[in-house]
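# Coordinates in review
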Amino acid sequence: MIGYKKAVRSYQLCAEAINKLKSIAEKIGFSEFEYKKSLYYAASKKDISFLKEEYKIRKENNFEVSLLEQKSIKNIFGFDAPAAILSELGAQTDAYSFTHALHQHNLKKGTKVFDRVNITKIHHNKNGVILTTQNKKTIKAKNLIYASGYETVNFINKKIVKLNSTYAIISERYEEDNFAWPEEVLIWNTDDPYLYLRTTNDRRIIIGGRDEKFYNPEKRDKLLDPKSNRLETDFKKIFPKIPFKKEYKWTGTFGSTKDGLPFIGPYKSLPNSFFALGFGGNGITFSQIAAEINRDLILGKDNQNAALFSFERI
Ligand SMILES: Cc1cc2nc3c(=O)[nH]c(=O)nc-3n(C[C@H](O)[C@H](O)[C@H](O)COP(=O)(O)OP(=O)(O)OC[C@H]3O[C@@H](n4cnc5c(N)ncnc54)[C@H](O)[C@@H]3O)c2cc1C
């Protein structure tokens, strides 16, 4: 959709972001950011050619990947799939704890954090912005970064994201001796919607997917029971020998953009504002990219990657 060169650059930036996030985690003493391999498997035979093409392009651009055939997938990972790409570079974290660890680190350096404050009005003018809180207090700033997730669509006049509903379940904790997950890998597939499976560092298994193409929280929540049962069945089909006891189930909104890329940087009709909207399945890595681009633009520096994710592209 955006051309070979730009697509490759976007992949490279995500790969770099994983390494940068790891070094940030280390710097602030946050231990729950772990490198993991990632296995992307063909959900059916018809996806093999797509997967091979994807592998070829990643390989020719020096991503550390290998193409696995059915037999190796069975031998190494213990399940049936017609083909898969194994990527050496991936990572897993608890994004919520990571955010709190960053706040704690930054608080010591003088950053101020005001949680549970709802911004109800934002006024943009030539010299800056004035925000109003729910208690009618005002905050003035030279620049504002909108990092307010899906709520931000209310401020943008373009259709930038499609909101879907998504579901996930998590197992009870496994006993240490009883827990074998092949290579501790992150697993996802080529299905649409895709299915993903991973472990947590307290020895649980998370399974997610079964998305619905609508945004309607009430309707979404009503489907939670049948969807969580479907996810459990999906898991049992892949790993019939791993016992699975569901402990929690949940649902939420998931946003994706037409080209799979985030929206980062300024938006013309809202002066002195910058956006960090990491919509899509790579939102955490896109957030790291957004931090660098927005920092550079606010400081008046050039950033070569900014155009890739700008609002001007649509
Ligand atoms: C099911 C699912 C799976 C995902 N899997 C992955 C994955 O594997 N890898 C990956 O990289 N990413 C993944 N993502 C995406 C990733 O989780 C998100 O991109 C990331 O958490 C977004 O962070 P954020 O800080 O930009 O937004 P959010 O976490 O949405 O935070 C926005 C904050 O702004 C606050 N806010 C909004 N409006 C206001 C207001 N008016 N006043 C005050 N506060 C306000 C909200 O309360 C919220 O706290 C996944 C997302 C989902 C839903």
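Thresholds, definitions, all that
Residues numbered from 1 in each chain as written. Predicted model: local features only at pLDDT ≥ 70, side-chain atom pairs only at ≥ 80, totals over all residues. Heavy atoms only, no water. Helix = DSSP H or I, 4+ residues; strand = E, 2+ residues; numbered from the N terminus. Rg over C-alpha atoms; globule rule 2.2 N^0.38 Å. Contact = heavy atoms within 4.5 Å. Lys, Arg positive; Asp, Glu negative; His and termini not counted. Charge placed at Lys NZ, Arg CZ, Asp CG, Glu CD. Axes fitted to C-alpha atoms, helices over the stretch in contact; angles between N-to-C directions. Parallel < 35°, antiparallel > 145°, perpendicular 65-115°, else oblique. Nonpolar A, V, L, I, M, F, W, Y, C, P; charged D, E, K, R; others polar. Pairing = 2+ DSSP bridges. Phe/Tyr/Trp six-rings, centres within 6.5 Å; stacked < 30°, edge-to-face > 60°. Buried < 20%, exposed > 50% of the residue type's maximum accessible area, 1.4 Å probe, protein only. Patch = residues over 30% accessible without salt bridge, like charges linked within 9 Å, V, L, I, M, F, W, Y side chains within 5 Å. Areas by Shrake-Rupley, 256 points an atom, 1.4 Å probe, with all protein chains shown as cover. Salt bridge = Lys/Arg side-chain N within 4 Å of Asp/Glu carboxyl O. Domains from an automatic or database assignment. Buried area = accessible area lost by both parts, 1.4 Å probe. Near = heavy atom within 4 Å. Polar contact = N/O pair within 3.5 Å; in protein donor to acceptor, adjacent residues only side chain to side chain.

We now examine the overall build of the protein. Counting its regular elements, the protein contains seven helices and 14 strands. By the compact-globule yardstick of 20 Å for 314 residues, the protein fits well, its C-alpha radius of gyration being 21 Å. The principal-axis extents of the C-alpha atoms in the protein amount to approximately 65 × 40 × 40 Å. Within the protein, contacts between residues separated by at least 24 positions form 68% of all contacts whose residues are at least 6 apart in sequence. Averaging the coordinates of the 51 positive side-chain charges in the protein and doing the same for the 37 negative ones gives two points 7 Å apart.

Looking now at the packing of helix H1 (residues 4-27) against helix H7 (residues 283-298). Two elements in contact, H1 and H7, have axes separated by 8 Å at closest approach and are oriented at 85 degrees. Accordingly, the angle class assigned to the pair H1 and H7 is roughly perpendicular. When H1 is examined against H7, the residues Leu13, Cys14, Ala17, Ile18, Lys20 and Leu21 are found in contact with a partner set consisting of Ile284, Thr285, Phe286, Gln288, Ile289 and Glu292. Grouping the amino acids of the contact of H1 with H7 by side-chain chemistry returns eight nonpolar, two polar and two charged.

Turning our attention to the sheet that holds strand S6 (residues 138-141). As summarised here, the arrangement of the three strands in space is S4-S5-S6, forming an open sheet in which the pairing is antiparallel. This sheet does not close on itself; its edge strands, each paired only once, are strand S4 (119-125) and S6. On average, adjacent strands in this sheet sit at an angle of 15 degrees to one another, irrespective of strand direction. With six bridges joining them, S4 and strand S5 (residues 128-133) adopt antiparallel strand pairing. Looking at the pairing, Ile119 lines up with Thr133 of S5.

According to the stated counting rule, one finds 21 aromatic pairs in the structure shown. Taken together, a centroid distance of 4.8 Å and an interplanar angle of 0 degrees make the contact between Phe30 and Phe98 stacked. Linking Phe30 in the loop between H1 and strand S1 (33-41) with Phe98 in helix H4 (residues 95-108), this pair joins segments that are 68 residues apart in sequence. Each member of the pair, Phe30 as well as Phe98, is classed as buried.

So, on to a nonpolar patch on the surface. Taken together, the side chains of Phe114, Val117, Ile119 and Ile139 define a hydrophobic patch exposed on the protein surface, amounting to about 360 Å² of accessible area. One can find Ile139 in strand S6. On the accessibility criterion, Ile139 (39% relative accessible area) is partly exposed.

All right, on to the domain arrangement of the protein then. According to the domain assignment, the protein contains domain 1 (33-93 + 162-256) and domain 2 (97-161 + 259-313). Relative placement of domain 1 and domain 2: their C-alpha centres are 30 Å apart. Taken together, the nine residues of domain 1 in the interface contact seven residues of domain 2. When the two sides are added together, the surface that domain 1 and domain 2 hide from each other amounts to roughly 680 Å², 72% of it contributed by carbon and sulfur. Applying the counting rule to domain 1 against domain 2 returns zero salt bridges.

Let us now look at the site of the ligand. Close to the ligand lie 18 residues, the nearest being Ile119, Gly281, Asn282, Gly283 and Ile284. Here Ile119 contributes a backbone N or O atom positioned 2.9 Å from a nitrogen atom of the ligand. Take Gly283: an N or O atom from its main chain is 3.2 Å from a nitrogen atom of the ligand. For the ligand, the protein covers 53% of the area, taking 1,000 Å² as the surface of the free molecule. Of all elements in the fold, only strand S12 (246-256) and H7 reach the threshold of two or more residues within the shell around the ligand. Considering every element that reaches the shell around the ligand, the biggest residue donor is H7, with three residues. Per-class residue counts for the shell around the ligand are six nonpolar, eleven polar and one charged. Built from parts of two domains, the shell around the ligand gets at least three residues from each of domain 1 (33-93 + 162-256) and domain 2 (97-161 + 259-313).

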